[in-house]
Amino acid sequence: MSLTGPQLREALNNLGLRTELNSRQMASLARSLQSINNKQKETYEDGWRASLEKFEALLQNTRDPKQILDSMDGPPKTDGLVSAFLGEEGFGIPIDPAGFERMENHIVTVRNGTYLHLPCESASDHRLTGILADLVTEDTHTIVELGSGWGRNLCHLALHLNRDDIRYVAAEQSRSGRHCAEQLLSLVPCKDSSTQAFDFYRPDFKFIERLARNDGKGALIFSRAALEQPAFIPTNFIQLIRDAAPGGTLLIQEPFGWQAETELFETALRETLYSAMYRGGKAHLEGRIFKLTDEMMNANAALWSIVCCYNMNLYDLIQRADKNGIASLERLTFNYTASNPLIPYSLAIMKLNEKAS
Ligand SMILES: C[S@@+](CC[C@H](N)C(=O)[O-])C[C@H]1O[C@@H](n2cnc3c(N)ncnc32)[C@H](O)[C@@H]1O
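Rules used in this analysis
- Residues numbered from 1 in each chain as written.
- Predicted model: local features only at pLDDT ≥ 70, side-chain atom pairs only at ≥ 80, totals over all residues.
- Helix = DSSP H or I, 4+ residues; strand = E, 2+ residues; numbered from the N terminus.
- Rg over C-alpha atoms; globule rule 2.2 N^0.38 Å.
- Buried ≥ 20, exposed ≤ 12 C-beta atoms within 10 Å, placed from the backbone.
- Contact = placed C-beta atoms within 7 Å.
- Near = placed C-beta within 6 Å.
- Pairing = 2+ DSSP bridges.
- Core = buried A, V, L, I, M, F, W, Y, C linked by C-beta atoms within 7 Å.
- Axes fitted to C-alpha atoms, helices over the stretch in contact; angles between N-to-C directions.
- Parallel < 35°, antiparallel > 145°, perpendicular 65-115°, else oblique.
- Left-handed = near helix turned anticlockwise from the far one by under 90°.
- Nonpolar A, V, L, I, M, F, W, Y, C, P; charged D, E, K, R; others polar.

S.K.: Whenever I open this one, the overall build of the protein confuses me. Can you help?
M.R.: Scanning the protein for helices and strands turns up 13 helices and 11 strands. The C-alpha radius of gyration computed for the protein amounts to 20 Å, which stays within 12% of the reference 21 Å derived for 357 residues, consistent with globular compactness. Reported as C-alpha extents along the three principal axes, the dimensions of the protein are approximately 55 × 55 × 35 Å. Within the span of the protein, comprising 357 residues, buried residues form 45% of the whole. Once local pairs closer than 6 in sequence are excluded, the contacts in the protein between residues at least 24 apart make up 76%.

As structure tokens, then:
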């Protein structure tokens with residue numbers, strides 16, 4: 001199963017976009033969006049295979065997870081301004097540095113809505129580990145990452161918590177990512193650890209329900225830089241998580257902050273759908289430029305989202321879950337940090353409400 005026409009129509013209706021598309025056209029648009037995500041998924045399958053190979057090579061010399069993490073998750077590589085892979089030739093859309101000067105071993109990143117040019121060593125932001133740790137209580141028994149890649153976030157967290165009564169679950173679509181996470185997590189202090197094949201386009205949270213049993217509040221579920229990938233997440237996504245772990249906690253660190261800027265969002269939504277429908281030509285993006293000023297931060301994120309067909313409905317889902325009593329939004333921080341300054345992450349922390357009896 002994949003993204004369907006009716007699912008897409010529902011997501012668009014929720015976003016206030018009425019389209020003239022008939023069922024057949026909507027199904028075709030859904031297929032196109034799904035095939036874009038399939039390509040993203042394949043890219044990660046390959047990328048995490050390289051991480052797995054690196055991990056297995058490191059394992060020949062050490063079984064110390066801290067040492068392995070340090071080698072695998074070091075400071076970002078830069079061209080003096082942004083990540084090396086973003087350089088104009090690599091990505092094809094020019095960046096106006098807006099006064100930032102290329103400096104060896106420095107990279108532009110984001111901290112709480114501001115662009116900063118930092119030395120690479122201090123550009124990696126490990127606040128997520130501390131924020132997750134603050135959400136952990138004596139009762140926490142299960143921590144799940146959705147879209148966990150090769151397992152770096154869970155591994156950082158497990159080392160920080162050093163608790164042998166917590167189980168960690170790495171839920172990820174790629175086999176290579178799961179394989180790496182499985183081996184990495186076998187090295188950290190925990191009650192147990194496992195991996196789970198998981199896809200945002202057909203979310204099945206039975207594995208969380210099984211682990212949480214009657215104690216949903218002991219579950220902490222999070223995603224970082226993963227829900228950004230599918231353009232339209234099923235509209236009942238947060239409700240399904242709540243149903244699996246009522247009373248639990250959900251943390252989302254993803255690039256949704258720009259979606260709160262209504263006009264910008266409406267334009268980007270239309271452009272994304274247009275781009276998905278007529279994939280192959282990015283001609284309508286000609287003449288566009290990323291500019292590294294704080295005023296342009298949301299516009300940069302919108303442009304990135306159009307180009308990469310990134311997520312369009314996460315902010316809507318968060319707001320609706322809060323408004324409909326499915327979850328209570330306890331923290332919302334826009335443009336909180338970034339690994340790619342063109343698409344900064346925002347942060348939402350939600351308490352998953354108990355089901356009404
Ligand atoms: C930028 S990586 C982030 C990985 C990890 N969260 C981290 O912070 O290192 C994006 C992740 O999303 C996963 N992903 C992409 N599309 C997905 C989908 N439809 N369902 C589940 N995961 C998906 C990729 O396999 C990849 O692991």
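S.K.: Can you walk me through the site of the ligand in this structure?
M.R.: What surrounds the ligand is a group of 22 residues, the closest being Tyr44, Gly147, Gly149, Ala226 and Gln229. Every element with two or more residues in the shell around the ligand is listed here: α2 (23-59) and α7 (152-161). A per-element tally of the shell around the ligand places α2 first, with 4 residues.

S.K.: Explain the pairing of strand β11 (residues 345-352) here, please?
M.R.: Looking down a regular strand, the side chains alternate between one sheet face and the other. Within β11, 7 of the 8 residues are buried, which leaves the element mostly enclosed by the surrounding structure. Here strand β8 (residues 249-254) runs beside β11; their pairing, made up of 6 bridges, is antiparallel. Residue pairing across strands places Leu250 opposite Met350, the latter belonging to β11. Bridge count for strand β10 (residues 327-337) against β11 is 7 bridges, and the pairing is antiparallel.

S.K.: Is there a simple way to think about α7 in this case?
M.R.: Residues that lie three or four places apart on an α-helix share one face, since the helix turns once every 3.6 residues. Of all 10 residues making up α7, 7 are buried, and the element is well covered by its neighbours. Inspection of α7 places Asn153, Leu154, Cys155, His156, Leu157, Ala158 and Leu161 among the buried residues, and these make up the whole buried set. Tucked into the core, α7 has its buried residues touching α3 (65-72), α6 (127-135), β4 (142-146), β5 (167-172), α8 (175-185) and β7 (219-224). Positive backbone phi, approximately 50°, marks Asn162, located one or two places after α7.

S.K.: I'm lost on unusual backbone geometry in this one. Help?
M.R.: Across residues other than glycine, the phi torsion is negative in most instances, and most of the peptide bonds are trans. Positive phi is not limited to glycine here, since Asn112 has a value of about 45°. Relative to the elements of secondary structure, Asn112 occurs in the loop between β2 (106-111) and β3 (114-119). Of note in this structure, Ala225 is not a glycine but carries a positive phi near 55°. By secondary structure assignment, the location of Ala225 is in the loop between β7 and α10 (237-244). Since 17 C-beta atoms lie within 10 Å of it, Ala225 is described here as partly exposed.

S.K.: Can you walk me through the nonpolar core in this structure?
M.R.: In globular proteins that are soluble, nonpolar side chains generally tend to be buried together. Ranked by size, the top nonpolar core spans 104 residues in total, and within it Leu185 and Ile221 carry the most contacts. Take this core: its biggest share by element is 8 residues, from α2. Dropping the residues within four chain positions of it, Ile221 is found in contact with Val144, Leu146, Ile208, Ile241, Ala245, Gly248 and Leu250.

S.K.: When you look at the packing of α2 against α8 in this model, what are you seeing that I'm missing?
M.R.: The description of two packed helices rests on the angle between their axes and on the distance between the axes. In the contact formed by α2 and α8, the axes pass within 7 Å of each other and the chain directions differ by 30°. The angle between the axes of α2 and α8 places the two elements in the roughly parallel class. Judged by the twist between their axes, the crossing of α2 over α8 is left-handed. Touching Tyr44, Glu45, Trp48, Arg49, Ser51, Leu52 and Phe55 of α2 are Arg175, Ser176, Gly177, His179, Cys180, Gln183 and Leu184, all from α8. When the residues that make up the contact of α2 with α8 are grouped by side-chain class, the tally is 6 nonpolar, 5 polar and 3 charged.

S.K.: What exactly am I supposed to notice about the environment of Tyr310 here?
M.R.: You can see Tyr310 is positioned in the loop between α12 (297-308) and α13 (314-323). Here the alpha-carbon distance between Tyr310 and Ala231, two residues 79 residues apart in the chain, equals 5.0 Å. Excluding residues that lie within four positions of it along the chain, Tyr310 makes contacts with Glu228, Ala231, Pro255, Trp304 and Ser305.

S.K.: In this structure, what is going on with α13? I would like to understand it.
M.R.: Along α13, the residues classified as buried are Leu314, Tyr315, Asp316, Leu317, Ile318 and Ala321. Remark: Gly325 follows α13 within two positions and exhibits a positive phi of approximately 75°.

S.K.: Help me understand the environment of Tyr274, please; the structure alone is not making it clear to me.
M.R.: By the element assignment, Tyr274 lies in helix α11 (residues 262-277). Residues Tyr274 and Leu29, 245 residues apart in the sequence, show an inter-C-alpha distance of 9.4 Å.

S.K.: Sorry, what's going on with the packing of α2 against α3 here?
M.R.: Interaxial distance between α2 and α3 falls to 10 Å at its minimum, and their mutual angle equals 140°. Considered as vectors, α2 and α3 are oriented oblique to each other. The chirality of how α2 crosses α3 is right-handed. Contacts between α2 and α3 pair Ser51, Lys54, Phe55 and Leu58 from the former with Ile68, Ser71 and Met72 from the latter. A per-class count over the contact of α2 with α3 returns 4 nonpolar, 2 polar and 1 charged.

S.K.: When you look at the environment of Leu220 in this model, what are you seeing that I'm missing?
M.R.: The topology assignment puts Leu220 in strand β7. When the 23 C-beta atoms within 10 Å are taken as the criterion, Leu220 is described as buried. Put simply, Leu220 and Leu3 are 217 residues apart on the chain and 27 Å apart in space, counted from C-alpha to C-alpha. Those residues in contact with Leu220 that sit more than four places away from it in its chain are Leu132, Leu135, Val136, Thr140, Ile143, Gly248 and Thr249.

Shape descriptors only; they carry no functional weight alone.
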